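Summary of structural features
Each chain is listed here by its residues.
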Amino acid sequence: LAENALTSLHDEKYDVPFNLQNLNHTTMVFTKGRTSTSLNGSWNFCVDLLDTGLRQKWYEMQPANPVDRVEPWDYDPFMGESIPVPSNWAMLKEKWYFFEGSAWYTKKLVKKKGSAAESGQRYILRVGAAQYDCKVFLNGKFLGNHYGGSTPFYVELTDDLAEETNWLMLCVNNTRTLDRVPMRNTDWFNYGGVYREVELFSLPREFIRDMFIRLSQDGRAIEVDVVVDSAVDGPSIHHAHLEIPELGIAQKISIEHGKGTCRIAAEPERWSPENPRLYKVVLTAGEDRITDNVGFRSIVRQGVDILLNGEPIWLRGISVHEDDDILGKVTSDEDIRRRLAHAKELGCNFLRLAHYPHHERAAELADEMGFLLWQEIPVYWAIDFDNHNTLKDAKNQLIELIKRDRNRASVIIWSIGNENPDTDSRLSFMRDLAETARLNDPTRLVAAACLINHAKLKIEDRLVDHLDVIGINEYYGWYDENFDDLYAIGKNSDPDRPVVISETGADGDNSSQGPSEGLFSEKYMADVYRRQIDTLQKLAYIKGMSPWILYDFRVERRQNIFQRGFNRKGLIAADKSTKKEAFNILASFYHSIKD
Ligand code: GCB
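These numbers come from a predicted model, not from an experiment. (Residues numbered from 1 in each chain as written. Predicted model: local features only at pLDDT ≥ 70, side-chain atom pairs only at ≥ 80, totals over all residues. Heavy atoms only, no water.)

**Quick look at the sheet that holds strand β1 (residues 37-38)**
Overall, antiparallel pairing links the 4 strands, which are arranged β1-β12-β5-β9 in an open sheet. Because the sheet does not close on itself, it has two edges, and the strands there are β1 and β9 (153-156). Sheet topology note: the strand β5 (residues 122-127)/β9 ladder contains 4 bridges and is antiparallel. Pairing of valine 127 across the sheet is with phenylalanine 153, part of β9. (Pairing = 2+ DSSP bridges. Helix = DSSP H or I, 4+ residues; strand = E, 2+ residues; numbered from the N terminus.)

Pasting the structure below:
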């Protein structure tokens, strides 16, 4: 427990080990394409600033008629206010806008009579994302705790599900603390709540826990790793079967100690943005069967080049947050498709999904529509690089992201951090993350947004040696006034690997309140884009850019008269429809280099 204890609840004396961070990547289950029972919809809800619920043990309450209650509890989880899941509480009531603390979610879960014990079914709860810490209780019992606000987590309910009525409770806490990832200061809104789907999966006694499938490094075969979860009373699965009908593949894979691995000679058509070819993959093991649609392609770094299927590629990108003026961080297929349609209009082949794992549908739709992706974990600005629990949390978020999305051809880069100060402890922390990324997925590139030495005017960051792609966020013409410094950096730097300008941009308020010229005007912003494009396209080691950002987004810390609670560097306003002048400038550059 000491090993697992995180500092935020340290001063509290509970007789339940709430700090146990046991819902992590080891409990992940392959759920894509499986049918489930949705637990979205109305949940009873209460904010709990002082953590009274953990002290008074609200999770132990049973439903009762109020007149029969014998203890004067401060909350009754079975009645009162309710809210929809998924949602962010900040978007539901003005009094919850800046709320940071714990909130309780309660939902009735009905299990059909007799089913589990007889058929030997197992029940897995999946929470798509809850910001930031989520404790799970079933019928009064604490089942575990998940850390990390943007990755899914899984809890097996099988042994604790009662016949018929069950009560599921989630205690979600979005307090920003020094040990978390990210820490206390971010340039995006701290949207608390259960903001992605909640589902219940009913699986056979022995089921497929994981499948990782990809083109081999030499390009001549398909490789697959399978993990099977065996029943406690001894495994009966000794083989799995992989089928890719369009390639004529029907392959038996031996399973030993729950694991199997296999290499199958194959010549799949290569996936690319121009030809987003996906193959249906079916894996069966015992009574279990999973399916996925998978693209096969290669991505490598060679000198200062990024090679996609062996050909050098220039990443025409745009950065995006997961943010909505009305819904907060809740997203939908419609929202993601609109984002990708705007990216297509810009002439993009690449998106940077900043600064945390976005909804898994983003990568699935990018696979289908043909976009390359940079995915990232929120090791953002200052992090407690000396704290081993913080490292553990960051690593877990990275592995959860990788395991969730490593079958997506669209994802080419795992990014392990953004603008972190170059200290010894940061170096060893992030070196560890780079190794973790490669260990869990040796087939993709590792990047981070690195640092410029402003005194020497050159790219200089010790982390670079551990990366495949150097990300650089630079704001010449905005935070850095002297634009000529960008020319100097270009001249002084001679990196041995590709650089992607992971951010550049300027705020532009295109509302009626915005200025007509100077800082924060649309015109000034357009001018920064013109000058950036003009300078950057002359530097041979720059292999792409993802300017900051597609849409204006909400953030607590920006309150000047033009920002009014939003970062206004979007090429499109927060309504996701009103374009700024800079949109057309970037679009004409990308379309001109496209061919
Ligand atoms: C950055 C950060 C990004 C901010 C952006 C800005 O360097 O990486 O999260 O939103 O600058 O607008 O200042």
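**A few points about the packing of helix α3 (residues 333-346) against helix α9 (residues 581-594)**
The interhelical angle for the contact between α3 and α9, taken along N-to-C directions, is 65°, at an axis separation of 7 Å. Between α3 and α9, the residues in contact are His342, Lys344, Glu345 and Leu346 and Phe583, Leu586, Ala587, Tyr590 and His591, respectively. Tallied by class, the residues present in the contact of α3 with α9 amount to 5 nonpolar, 2 polar and 2 charged. (Axes fitted to C-alpha atoms, helices over the stretch in contact; angles between N-to-C directions. Contact = heavy atoms within 4.5 Å. Nonpolar A, V, L, I, M, F, W, Y, C, P; charged D, E, K, R; others polar.)

**Here's the deal with the environment of glycine 193**
By the secondary structure assignment, glycine 193 is in strand β11 (residues 193-194). For glycine 193 and proline 86, which are 107 residues apart along the polypeptide, the C-alpha to C-alpha distance reads 8.0 Å. Excluding its chain neighbours within four sequence positions, the residues that come into contact with glycine 193 are Ser87, Trp89, Tyr105, Ala129, Ala130, Gln131 and Val172.

**Regarding the environment of phenylalanine 201**
Mapped onto the elements, phenylalanine 201 comes out in strand β12 (residues 198-203). Judged by relative accessible area, which is 1%, phenylalanine 201 ranks as buried. Separated by 391 residues in the primary sequence, phenylalanine 201 and serine 592 have C-alpha atoms spaced 48 Å apart. Among residues more than four places away in sequence, those in contact with phenylalanine 201 are Thr31, Arg34, Thr35, Ser36, Arg122, Tyr123, Ile124 and Arg126. (Buried < 20%, exposed > 50% of the residue type's maximum accessible area, 1.4 Å probe, protein only.)

**Topic: empty space enclosed by the protein**
In the structure shown here, the tally under the stated rule is 5 cavities of 30 Å³ or more. By volume, the largest cavity is sized at about 210 Å³. Lining the largest cavity are 21 residues, with Gln131, Tyr132, Pro182, Trp188 and Asn190 positioned closest to its centre. A class-by-class count of the residues in the lining of the largest cavity yields 9 nonpolar, 9 polar and 3 charged. Of the pockets and cavities examined, the second largest cavity occupies roughly 70 Å³. Considering the residues around the second largest cavity, the lining is formed by Ile459, Ile472, Glu474, Leu486, Ile489, Gly490, Val499, Ile501, Leu536, Leu539, Tyr541 and Ile542. Elements that contribute at least two residues to the lining of the second largest cavity include exactly α7 (484-492) and β31 (499-503). When residues in the lining of the second largest cavity are grouped by element, the largest group, 3 residues, is from α7. A class-by-class count of the residues in the lining of the second largest cavity yields 10 nonpolar, 1 polar and 1 charged. (1 Å grid on protein atoms, 1.4 Å probe; cavity = no way out; pocket = protein on both sides within 12 Å on 5 of 7 lines; lining within 4 Å. Points joined across faces, edges and corners; volume = space filled by probe spheres on them.)

No statement about biological role is implied by the geometric values presented.
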